[in-house]
Amino acid sequence: MCSRSGRWGASLAVLLFLAVPVAAQQSVGEEKVRIERADQLPRHTYPVRQSATALVEDDAQFGIFAETLEADLRSDLAKYEITDRSTLKEYYGTLGSLALIEGDYASAIIYAERIRSIEDKPALRILAGTLERALAEAAAAPVSYQEQAFEDAYRKVISGLPYEQVQAELKTLKGMTEIMSPGITLGFIQGQVEPAAKSGEISRELANLVVQARLTIEVLEPFREEIVAVLGETIAAHTIQKPDIWAARDASLEGRVDLTPVVIGIWDSGVDVLLFQDRLFVNAAEIPDNGLDDDRNGFPDDVHGIAYDLRGGKTTGSLIALSYGEDDEAKFRRYLKGVVDLQAGIDTPAASEFRRLAAEIEPEEFRPFFEGFLQYANYAHGTHVAGIAARDNPAARVLVSRITFDHRLVPELPTMELSEALARSYREAVAYFRDHGVRVVNMSWGTTPEYYETALEANNAGGTGEERRALARRLFDVESSGLHEAMISAPEILFVTAAGNTDGDNRFVEDMPSSFDLPNLVTAAAVDRAGDEAAFTSYGKVEVYANGYEVESYLPGGEIHALSGTSMASPQVVNLAAKLLAVYPDLTVSQLRKAIIEGAEEKAIGEEKTIRLVNPKQSFEVLAERLTSAE
């Protein structure tokens, strides 16, 4: 899911520590302070004497830093009752990483077992501790034999896993391990942490990235080839793919002539409208590309929709203008495919090209590469979403509402003026939807108060940690309230949003809009082709789950690529809503929402959790039965 933070990627340590353990023991007689949302967590800062890179690489500097960070984490866990499982995972993940860096494998294994005890995603629960146990066995072997000892131990534990349950996670782990080179790792620190470190200190959130980088370079890099080899042979030994449940549930409207056109708002990073010429909203009152506001509605050239720039100002164009030429666009398109193929465990020329890039890149080359890559990913995002939303529905009419997402590692400085402009843009966009008959809107994006803190820190603005938190809250509230009010003002429109890709509770982090509780909103989380909950998907305030794993759709220009994320799950729900409206145009939002949710089928995840998988055919059946009985 895109956000204004523009964050992409994480160190190998993040992937290896996707879950972390329960809180520390409370002292007898003490009453913990209850934490119910992310911005109630205590703030800590850590001095940076020289640079963030030196903090990663210098033993003495890292040792002092790590000691202080560990003490803060333990103190917080003893003092606070943290209700959010994802936050507990993050706290103990850092402690587990510090234990591995110190060579304290016994503690790292204990943390991994605690991970297992609270993890409710089966694949992640199964994988918890696999790396720690192999590293512990390698450490016990003679130095000259440690690589082989690790490989033997890792092979033993990985080969014993139920492959059918963990195959997607193993493929992603292999791909990310292959590209998480020292150049990428240090480049990420220089691009993401160094700007904030220039102030002389960094927050706990950035401190976690320092720990992950140190772990990747000092502990995991010596065994990277062995990790890739074991995962590769395990994947190669299993040729059976998970069953694809979605084709049998689909409800295509292709070939039908008894349909009512449905205007779908794609509120995203822009759409290549040339790919949807027979399925486009057209504002007949506007003359194309003359730079004028012919219909005097405040939006020049809004033939197929509207657009806003990075600062919330009105602009034109269904797609952003890339800052580079066609050759670089083609290069970054290949890189995007390469990353996706690596995550899926597919060895393609694009995957090989990206693998070579990662191996050769120097830290100082990372930032321009990454920002160019992310600019293209943002550029392509909305078109891919639109293709999913309009698929197999000749009645779909795509209306573009373009947002400009930030692709820079140091993003635009948050200010009250900017938040007010963005809030105003939300109200204007929703008013435009209402004025032009939009029935359903896709929103595969979001943001949280933490983004504002991180952006303020990256810009060395906002004062102390507590002052930044207070300012971030004010800025977020202005923007969140503007979006909330805008959506409330359009009760006749169904909004569908992506839950997020952080494996966290969207309510705890107050993600907007996915955590909003509105009668005209559906939040969609992601499962894979077999209907198993995706490791990356956020949860919490979620009505339905849809396929968000390797979903094929268009990129600008017309190439078809597979992408993964809740960004791909949300338009699956929009696709269903638009099809229902094409057949039953008089549906109210309440009826439409009920048909989607009640038509979904429940699936048990473990013993205590169930999720609801969208089922288009079943939603049509539920709706037809209800309408028939009402006659």
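Residues numbered from 1 in each chain as written. Predicted model: local features only at pLDDT ≥ 70, side-chain atom pairs only at ≥ 80, totals over all residues. Heavy atoms only, no water.

Draft legend 1. Main features of the environment of Gly345. When you line up the elements, Gly345 lands in the loop between α14 (326–343) and α15 (349–360). What makes Gly345 partly exposed here is its relative accessible area of 33%. Gly345 sits 105 residues away from Ile240 along the chain, and the two C-alpha atoms are 13 Å apart. (Helix = DSSP H or I, 4+ residues; strand = E, 2+ residues; numbered from the N terminus. Buried < 20%, exposed > 50% of the residue type's maximum accessible area, 1.4 Å probe, protein only.)

Draft legend 2. Molecular detail of the side chain of Asp503. Mapped onto the fold, Asp503 is located in the loop between β10 (494–498) and β11 (521–527). Judged by its relative accessible area of 5%, Asp503 falls in the buried class. At a separation of 2.5 Å, a polar atom in the side chain of Asp503 contacts the side chain of Lys89. (Polar contact = N/O pair within 3.5 Å; in protein donor to acceptor, adjacent residues only side chain to side chain.)

Draft legend 3. Spotlight on the nonpolar core. Grouped together as the largest cluster of nonpolar side chains are 154 residues, with contacts concentrated most on Tyr154, Ile202 and Phe369. With 13 residues, helix α16 (residues 363–390) is the single largest residue contributor to this core. With sequence-adjacent residues up to four places away left out, Tyr154 is seen in contact with Thr130, Leu131, Ala134, Leu173, Ile227, Val230 and Leu231. (Core = buried A, V, L, I, M, F, W, Y, C linked by side-chain atoms within 4.5 Å. Contact = heavy atoms within 4.5 Å.)

Draft legend 4. Spatial organisation of the confidence of the model for the chain. Looking at the chain as a whole, the pLDDT averages 93, with 95% of positions reaching at least 70. pLDDT under 50 marks residues 1–28. Its contacts with residues more than four places away, or in other chains, come to 101 contacts. (pLDDT = per-residue confidence, 0-100.)

Draft legend 5. Here's a closer look at the packing of helix α10 (residues 182–192) against helix α12 (residues 204–220). Running from amino to carboxyl end, α10 crosses α12 at an angle of 165°, the nearest separation of the two axes being 10 Å. One finds that α10 runs roughly antiparallel with respect to α12. Considering the relative orientation of α10 and α12, their crossing is left-handed. Mapping the contact onto sequence places Thr185, Leu186, Phe188, Ile189 and Gln192 in α10 and Leu206, Leu209, Val210, Ala213, Thr216 and Ile217 in α12. Residues of the contact of α10 with α12, tallied by class, amount to eight nonpolar, three polar and no charged. (Axes fitted to C-alpha atoms, helices over the stretch in contact; angles between N-to-C directions. Parallel < 35°, antiparallel > 145°, perpendicular 65-115°, else oblique. Left-handed = near helix turned anticlockwise from the far one by under 90°. Nonpolar A, V, L, I, M, F, W, Y, C, P; charged D, E, K, R; others polar.)

Draft legend 6. Fine view of the packing of aromatic side chains. Within this structure, the stated rule accounts for 27 aromatic pairs. For the ring pair Tyr92 and Tyr111, a centre distance of 5.9 Å and an interplane angle of 65° mean the geometry is edge-to-face. Here Tyr111 lies in helix α5 (residues 105–118) and Tyr92 lies in helix α4 (residues 85–102), a separation of 19 residues in the sequence. Of the two residues, Tyr92 and Tyr111, neither departs from the other in class, the shared state being buried. The ring of Phe299 is capped by Lys314, whose NZ or CZ atom sits 4.3 Å from the centre of that ring. Above the ring of Tyr539, the side-chain terminus of Lys609 is found at 5.7 Å from the ring centroid. (Phe/Tyr/Trp six-rings, centres within 6.5 Å; stacked < 30°, edge-to-face > 60°. Lys NZ or Arg CZ within 6 Å of the ring centre and 35° of its normal.)

Draft legend 7. Region of the structure containing unusual backbone geometry. In the segment running from Met512 into Pro513, the intervening peptide bond is cis, with an omega of 10°. Inspection of the secondary structure assignment puts Pro513 in the loop between β10 and β11. The residue Arg296 is not glycine, and still its phi comes out positive at about 55°. Structurally, Arg296 is set in the loop between β5 (262–268) and β6 (305–308). Residue classification places Arg296 among the exposed residues on the basis of a relative accessible area of 77%. Of note, the phi angle at Asp503 is positive, near 55°, even though the residue is not glycine.

Draft legend 8. Looking closely at the pattern of salt bridges. Using the criterion set out here, one finds 55 salt bridges in the structure. Of the charged contacts, one joins Arg434 and Glu492 as a salt bridge, the two residues approaching to 2.7 Å between their closest N and O atoms. Of the two residues, Arg434 is situated in helix α17 (residues 416–435) and Glu492 in the loop between α19 (465–488) and β10; the sequence distance between them amounts to 58 residues. Note on Arg434: relative accessible area 41%, which makes it partly exposed. Glu598 is the partner of Arg626 in a salt bridge, and the nearest nitrogen-oxygen pair spans 2.2 Å. Taken together, the residues Arg626 in helix α22 (residues 616–630) and Glu598 in helix α21 (residues 589–599) connect sequence positions 28 residues apart. A relative accessible area of 29% means that Arg626 is categorised as partly exposed. Residue classification places Glu598 among the partly exposed positions, given a relative accessible area of 39%. In the salt-bridge network here, residues are joined through shared partners; they are Arg85, Lys89, Glu119, Asp120, Lys121, Asp503, Glu533 and Lys609. (Salt bridge = Lys/Arg side-chain N within 4 Å of Asp/Glu carboxyl O.)

Draft legend 9. Structural view of the side chain of Gln167. With respect to the secondary-structure elements, Gln167 resides in helix α9 (residues 163–179). Setting aside residues no more than four positions away along its own chain, Gln167 makes contact with Ile240, Gln241 and Lys242.

Draft legend 10. Inspection of the pairing of β6 at higher detail. The side-chain alternation of β6 yields two buried faces, one formed by Gly305 and Ala307 and the other by Ile306 and Tyr308. Looking at chain direction, β6 and strand β8 (residues 396–402) are connected through three bridges and run parallel. From the neighbouring strand, Ile306 faces β8, where its bridge partner is Ser401. Pairing of β6 with strand β7 (residues 314–315) involves two bridges; the strand directions are antiparallel. (Pairing = 2+ DSSP bridges.)

Draft legend 11. Summary view of the environment of Val303. With respect to the helices and strands, the residue Val303 is situated in the loop between β5 and β6. For the pair formed by Val303 and Glu286, sequence separation is 17 residues and the distance between their alpha carbons is 5.6 Å. Setting aside residues up to four positions removed in sequence, Val303 forms contacts with Phe281, Val282, Asn283, Glu286, Ile287 and Pro288.

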